[in-house]
Amino acid sequence: MGAARYLRTPAKAFDIAFLDPPFGTNALAEYVPMLDAGNWIKPGGLVYLENERAAGVPALPPLWELLKSKSAGEVGYHLARITARV
């Protein structure tokens, strides 16, 4: 089952998620909103994201706090924390 299809199933909230989709697919733009909308990550949970360095920091939902953003070679890597939902 592909990631997008899986994220459309009922969520079981996790403490941490790793998103490292194939480069050149812009998949983070699809997966990040799906993670957020489906409540896949518990409040206080962490999300590690990788993308092409040239793409910069991926767009994050309002309740996601960017903790770190760095690069190595052609890879950009980012760590976000999910804040408590109101």
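For clarity, every value in this text was computed on a predicted model and none was experimentally measured. (Residues numbered from 1 in each chain as written. Predicted model: local features only at pLDDT ≥ 70, side-chain atom pairs only at ≥ 80, totals over all residues. Heavy atoms only, no water.)

**Side note on the nonpolar core**
Counting residues in each nonpolar core, the largest one holds 17 residues, and the members touching the most others are Leu19, Leu35, Ile41, Val47 and Trp64. At the level of secondary structure, the elements contributing two or more residues to this core comprise strand S1 (14-19), helix H2 (28-37), strand S2 (41-52) and strand S4 (75-82). Broken down by element, this core gets its largest block of residues, five residues, from H2. Residues in contact with valine 47, not counting those within four places in the same chain, are Ala17, Leu19, Leu35, Ile41, Trp64, His78, Leu79, Ala80 and Ile82. (Core = buried A, V, L, I, M, F, W, Y, C linked by side-chain atoms within 4.5 Å. Buried < 20%, exposed > 50% of the residue type's maximum accessible area, 1.4 Å probe, protein only. Helix = DSSP H or I, 4+ residues; strand = E, 2+ residues; numbered from the N terminus. Contact = heavy atoms within 4.5 Å.)

**Overview of the pattern of salt bridges**
Scanning all chains against the criterion turns up four salt bridges. Two residues, arginine 81 and glutamate 65, come together in a salt bridge whose shortest N-O distance is 3.4 Å. Placement of arginine 81 in strand S4 and of glutamate 65 in strand S3 (residues 64-72) is noted, with a sequence separation of 16 residues between them. Taking the relative accessible area as the measure of exposure, glutamate 65 reaches 34% and is therefore partly exposed. (Salt bridge = Lys/Arg side-chain N within 4 Å of Asp/Glu carboxyl O.)

**Topic: a nonpolar patch on the surface**
Side chains of Met1, Tyr6 and Phe14 sit close together on the surface and give an oily, nonpolar patch of about 330 Å² of accessible area. In this structure, methionine 1 sits in the segment before helix H1 (3-6). Using a relative accessible area of 67% as the deciding quantity, one classes methionine 1 as exposed. (Patch = residues over 30% accessible without salt bridge, like charges linked within 9 Å, V, L, I, M, F, W, Y side chains within 5 Å. Areas by Shrake-Rupley, 256 points an atom, 1.4 Å probe, with all protein chains shown as cover.)

**What about the sheet that holds S1?**
On the basis of which strands lie adjacent, the open sheet formed by four strands has the order S1-S2-S4-S3 and mixed pairing. Each edge of the open sheet carries a strand with a single partner, namely S1 and S3. Across the sheet, the mean angle from the axis of one strand to that of its neighbour is 10°, orientation sign disregarded. In this structure, S1 lies alongside S2, joined through five bridges in parallel fashion. Counted as the bridge partner of isoleucine 16 is leucine 46 from S2. (Pairing = 2+ DSSP bridges. Axes fitted to C-alpha atoms, helices over the stretch in contact; angles between N-to-C directions.)

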